[in-house]
Amino acid sequence: MKRQTARRRTSRRCKGPPEDRASLCQICDSCETSGRDVDDDEGRANAHLPSPMTRLAGAHFRPRSCNMNPDPTPLRPKPLRHHPWRMAFACLALAVLAFVLTFDWNWVRPPLERYISRKTEREFRMSDLHVSLGLVPTIRMRDVYFANAAWSHEATPMARIDELEFSISLRDLPDRILVPRVALTRPDLVFERLADNRKNWILSDPSDTRPSKLRISTLSFQDGRIRYVDHGLPIEVDVVAGTFEPASLDKVQSATSTPEGNRYMTRYEFKGNYHGRAFSGHALTGEVLSFAESGAPFQLKGEFVAGSTRVAVEGRIADAANVSAIDAQLQIEGQTLASLYPFLLLPLPTSPPYRLQGRLILEGDRYTMNDLRGRIGSTDITGHATYVEKEPRPLLTADLQSRLLDIADLGPLIGMQVQGSSGEPPASQAPSRDRPGARATAQPTEPERLLPAGSFDASRLQQIDADVSLVASELRVPLALPLESLSATLHLHDSILKVAPLDFGFAGGTIASQVTLDAREPTIRSEVRIDLRGVEVGRLIPRSETIAKGAGRVGAVLELKGSGNSIGDAAAGADGRVAATIADGRVSNLRDAASSLNGGKLLRLLASGDRDIRVNCGGIAFDVKGGRGTSTLFVIDTEQTQILGGGSFDLANERFDIIVAPKPKKAGMLSLRTPLHLRGSFMQPGYRFEKGPLLARAGGAIALAAAAPLAGLLPLIETGPGKTTDCAAVQQQVGSAVRQATAPAARK
């Protein structure tokens, strides 16, 4: 009631002009809101004190009423009020600033060393610790020492580093620990992996297969050494790195500098051994090595040397730790392709010296060699190849071409010994430093053997899958064989090698082959089928001015199955069949007469000139068992002669023994006809005439001539016992060969 009475009194006093009344009422309202009581007792007690609004306005009022009458006593101003939370924040900011300015990070170094040592169970220490704070703080450590794992075979610590500086991206936490840059000054590092996959750089539980959260973008070295020892592969690498550009030393040693990859600044010298083979080399890179998290490749130029093998590379590589992309020019050369096996795990032959180059591209798990070109011996090679790392075996695909292929260069691919190999035995696919060394590690072979005896290592065919094609427009072959071209496709899958087709242009026809090698067991099982299609007889016989040219086409089929790690071993115990025939044949009449030693006919043809005669039919067939072939058919029937024969051959000893008996169909004079005995080795064939019939005819002629000169001609009379052959029966026995003889001629 008292407050209501006071408000009414105040309201009555707020009179006058509008503008004055508004100002006066605002002041009076302020008086009311100041919390002053209007009762008489309280008013008398506080009558001498002005209100807060009165002091702020600088006016003098009476204490009990807002009548605007001045008070002769001036009022003192009251101090401003302060908020407690603002004061607390200011004090905290000043404390943090003082802490940062005066804090020494070495105060936390001892507990940090103890913590890391306890968690890793290895000694860890450093002489100095400094941290530069920010959204990407930088940490610098000096004289870092980190002991090796207790199981390590190395006697040295895992890490000794004069200065380690790295940065951490806070915005990537806690999903991952991203380190944009690591700078190492004079590091000495040892990384080791055991055969059971224990790694000394993995600090977590070995059974923990979760991917690590630690990611490093770039890495730089200054005067450092890194050793990597893998007891499982096995491989050992020792790398010495340093920056050779003095102006870049500060950037290399700093984790905050922006890397430059447009010029070479750092040199790496390395050496080591892989599968017992020593290697060495050097490489140039930019300021840093980049890893997957950087998203940028780095420049690389280097050279790798292992024995006689030299590899040069220049280009861009992504992720130095786990190479994920390559785009570089590659050049490789050496004394023999066989020496690449320890590095590529490819079953390559002991070739002559080679030089190859191309553009190497890696995308994911796929290596591609584009613009491949070079030479192997005197053979030119062009094309492209792809190598894909996959499970359970890598896959090699290649498409190769050659304008001129020298069989002497690629013969060792099948263990073939050819001229031009310095008379040395053929080489196996054993790895070696150079070509003589490769030959020395091969199984000894006999130079007088025809069948290739170079050994195949079955385990090598189990290491890789392959699809390779090779086309050669022209062949250079030894022994003047009429081989013209080559088309081959190789498929190697699940340790089974199939070469189909393996086609040679041969004397106007084709040698069409299919070869299968099953290497799933230590001893290779093989199947071979060779079809001789439409080979021209005239190109098999040397040309002569006095002898008529032959004609017709020869067809043959060879089917063999065997076991062995060389062609010679497989043939030695092979089973199968061999058949051959001639279609639309014509042969020299002079040669036909000579086969039966028909002297009268020879004299007549030499006087009048040779001509060709028709071959009615011909067929040869052998059954092969345990590497030994026995003839089941041997007949050649011409217009004037029936030639019969029989015999055998031995693939294990590479020998043959065949008797050929010509039988003229017409009577004649001066004939010394006798069977022809063909025998010898495959490399040194021989022949001789059967002496018995020959001596009987000659002796009878001499004896009768002594009694009566004309009677001496009687033993030399040819009675003509030859009969016309049942050609239908012959063709039935060699039906598959007939189909090959009548096959279309090979395309040029």
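Residues numbered from 1 in each chain as written. Predicted model: local features only at pLDDT ≥ 70, side-chain atom pairs only at ≥ 80, totals over all residues. Heavy atoms only, no water.

**Focus: the overall build of the protein**
Then step 1. For the protein, the helix and strand inventory stands at 16 helices and 31 strands.
Then step 2. Taking all 748 residues of the protein together, the buried fraction comes to 42%.
Then step 3. Long-range contacts, defined as pairs at least 24 residues apart, comprise 53% of the intrachain contacts of the protein with a sequence gap of at least 6.
Then step 4. For the protein, the accessible area works out to roughly 40,700 Å², and carbon and sulfur atoms hold 57% of it. (Helix = DSSP H or I, 4+ residues; strand = E, 2+ residues; numbered from the N terminus. Buried < 20%, exposed > 50% of the residue type's maximum accessible area, 1.4 Å probe, protein only. Contact = heavy atoms within 4.5 Å. Areas by Shrake-Rupley, 256 points an atom, 1.4 Å probe, with all protein chains shown as cover.)

**Overview of the side chain of Ser-402**
Then step 1. Its place among the elements puts Ser-402 in strand β18 (residues 395-406).
Then step 2. In this structure the side chain of Ser-402 is engaged in a polar contact, spanning 2.8 Å, whose partner is the backbone oxygen of Asp-380.
Then step 3. Discounting residues that sit within four places of it in the chain, Ser-402 has contacts with Thr-379, Asp-380, Ile-381, Val-471, Ala-472 and Ser-473. (Polar contact = N/O pair within 3.5 Å; in protein donor to acceptor, adjacent residues only side chain to side chain.)

**So, the pairing of strand β17 (residues 379-388)**
Then step 1. Of all ten residues making up β17, seven are buried, and the element is well covered by its neighbours.
Then step 2. Pairing of strand β16 (residues 366-376) with β17, which is carried by nine bridges, proceeds in the antiparallel orientation. Across the sheet, the residue bridging to Tyr-367 is Tyr-387, located in β17.
Then step 3. Sheet analysis places β17 next to β18, joined by seven bridges and oriented antiparallel. Its bridge partner lying in β18, Tyr-387 is registered against Leu-396.
Then step 4. Hairpin connection, β17 to β18: the antiparallel pair is bridged by six residues. (Pairing = 2+ DSSP bridges.)

**Some words on a nonpolar patch on the surface**
Then step 1. Side chains of Leu-170, Leu-173, Ile-177, Leu-214 and Ile-216 sit close together on the surface and give an oily, nonpolar patch of about 370 Å² of accessible area.
Then step 2. Within the secondary structure, Ile-216 sits in strand β6 (residues 214-222). (Patch = residues over 30% accessible without salt bridge, like charges linked within 9 Å, V, L, I, M, F, W, Y side chains within 5 Å. Salt bridge = Lys/Arg side-chain N within 4 Å of Asp/Glu carboxyl O.)

**Looking at the state of the cysteines**
Then step 1. Across all of its chains, the model carries one disulfide by this definition.
Then step 2. Paired by a disulfide, Cys-617 and Cys-727 hold their sulfur atoms 2.2 Å apart. Disulfide Cys-617-Cys-727: torsion about the S-S bond near -75°, hence left-handed. Pair noted here: Cys-617 is in strand β26 (residues 612-625) and Cys-727 is in helix α15 (residues 727-733), with a separation of 110 residues, a long-range link. Taken as a pair, Cys-617 and Cys-727 share a single burial class, namely buried. (Disulfide = S-S within 2.5 Å.)

**As for helix α6 (residues 109-120)**
Then step 1. Spanning twelve residues, α6 covers 16 Å between terminal C-alpha atoms, matching the ideal 16 Å at 1.5 Å per step.
Then step 2. Arg-109, Glu-113 and Thr-120 are the residues of α6 that are buried. Around the axis of α6, the buried residues are gathered within 55° of arc, so they sit on the same side. Opposite its buried face, α6 presents the exposed residues Arg-114, Arg-118 and Lys-119, each directed more than 90 degrees away.
Then step 3. In this fold, the buried residues of α6 make contact with β1 (124-125), β2 (128-132) and β3 (138-146).
Then step 4. The positive-phi residue at the C-terminal boundary of α6 is Glu-121, with phi of around 60°. (Expected span 1.5 Å × (residues − 1). Arc of directions from axis to C-beta.)

**Remarks on the packing of aromatic side chains**
Then step 1. Under the counting rule described, the total for this entry stands at nine aromatic pairs.
Then step 2. Relative to Tyr-268, the ring of Phe-221 has its centre 6.2 Å away and its plane inclined at 85°; by these criteria the two rings are edge-to-face. Within this pair, whereas Phe-221 is found in strand β6, its partner Tyr-268 is found in strand β9 (residues 266-274), the two being separated by 47 residues in sequence. Of the two residues examined, Phe-221 and Tyr-268, each falls in the buried class.
Then step 3. In textbook terms, an aromatic cluster arises when at least three aromatic residues are bridged by ring pairs, as seen for Phe-191, Trp-201 and Tyr-228. (Phe/Tyr/Trp six-rings, centres within 6.5 Å; stacked < 30°, edge-to-face > 60°.)

**Some remarks on the pattern of salt bridges**
Then step 1. Scanning the model with the defined rule gives 28 salt bridges in all.
Then step 2. In this structure, the salt-bridge partner of Asp-406 is Arg-476, at a minimum N-O distance of 3.7 Å. Of this pair, Asp-406 sits in strand β18 while Arg-476 sits in strand β19 (residues 465-476), and the two are 70 residues apart along the sequence.
Then step 3. A residue is classified by how much of its surface remains accessible, and Asp-406, at 11% relative accessible area, is buried.
Then step 4. By relative accessible area, Arg-476 is classed as partly exposed at 40%.
Then step 5. Measuring nitrogen to oxygen at the nearest pair gives 3.5 Å for the salt bridge that ties Arg-614 to Glu-639.

**Structural notes on the environment of Tyr-228**
Then step 1. Mapped onto the elements of the fold, Tyr-228 is located in strand β7 (residues 224-230).
Then step 2. Note: C-alpha distance between Tyr-228 and Val-239 (eleven residues apart in sequence) is 8.5 Å.
Then step 3. Each residue touching Tyr-228, except ones within four places of it in the same chain, is listed here: Phe-191, Arg-193, Trp-201, Ile-235, Glu-236 and Val-237.
Then step 4. Of the polar contacts made by the side chain of Tyr-228, one reaches the side chain of Asp-230; its length is 2.8 Å.

**Some thoughts on the environment of Arg-476**
Then step 1. Taking the C-alpha atoms as reference points, Arg-476 and Asp-406, 70 residues apart in sequence, are found 4.6 Å from one another.
Then step 2. With sequence-adjacent residues up to four places away left out, Arg-476 is seen in contact with Ser-378, Leu-404, Leu-405, Asp-406 and Ile-407.

**Looking at the pairing of strand β4 (residues 159-167)**
Look at any regular strand and the pattern is simple: side chains alternate between the two faces of the sheet.
Then step 1. Within β4, seven of the nine residues are buried, which leaves it mostly tucked inside the rest of the structure.
Then step 2. Alignment of β3 against β4, held across eight bridges, turns out to be antiparallel. The partner of Met-141 across the bridge, within β4, is Leu-164.
Then step 3. Note that β4 and strand β5 (residues 177-193) share seven bridges and pair antiparallel. Bridge assignment links Ala-159 to a residue of β5, and that residue is Leu-189.

**What about unusual backbone geometry?**
Then step 1. Residue Pro-174 follows Leu-173 across a cis peptide bond; omega there is 0°.
Then step 2. Residue position: Pro-174 is located in the loop between β4 and β5.
Then step 3. Positive phi outside glycine occurs at His-275, with the angle close to 55°.
Then step 4. By secondary structure assignment, the location of His-275 is in the loop between β9 and β10 (277-285).
Then step 5. Its relative accessible area of 39% is what places His-275 among the partly exposed residues.
Then step 6. A positive phi angle is found at Ser-495, which is not glycine, with a value near 70°.

**Quick notes on the nonpolar core**
Side chains of a nonpolar character, in soluble globular proteins, are inclined to be buried together.
Then step 1. Within the largest apolar cluster, 66 residues are counted, with the highest numbers of intra-cluster contacts made by Met-141, Leu-164, Phe-166, Leu-184, Phe-221 and Leu-486.
Then step 2. In terms of nonpolar packing, the next biggest core, distinct from the first, is built from 13 residues, Ala-458, Leu-461, Leu-517 and Ala-519 among them. (Core = buried A, V, L, I, M, F, W, Y, C linked by side-chain atoms within 4.5 Å.)

**Digging into the confidence of the model for the protein**
Then step 1. Counting all residues, the mean pLDDT for the protein is 77, and 68% of those residues have values of 70 or more.
Then step 2. Taken together, the stretch residues 1-16 has pLDDT below 50 and engages in 18 contacts with residues farther than four places along the chain or on a different chain.
Then step 3. Low pLDDT, under 50, characterises residues 710-716; the predicted model gives this stretch 19 contacts beyond four residues in sequence or across chains. (pLDDT = per-residue confidence, 0-100.)

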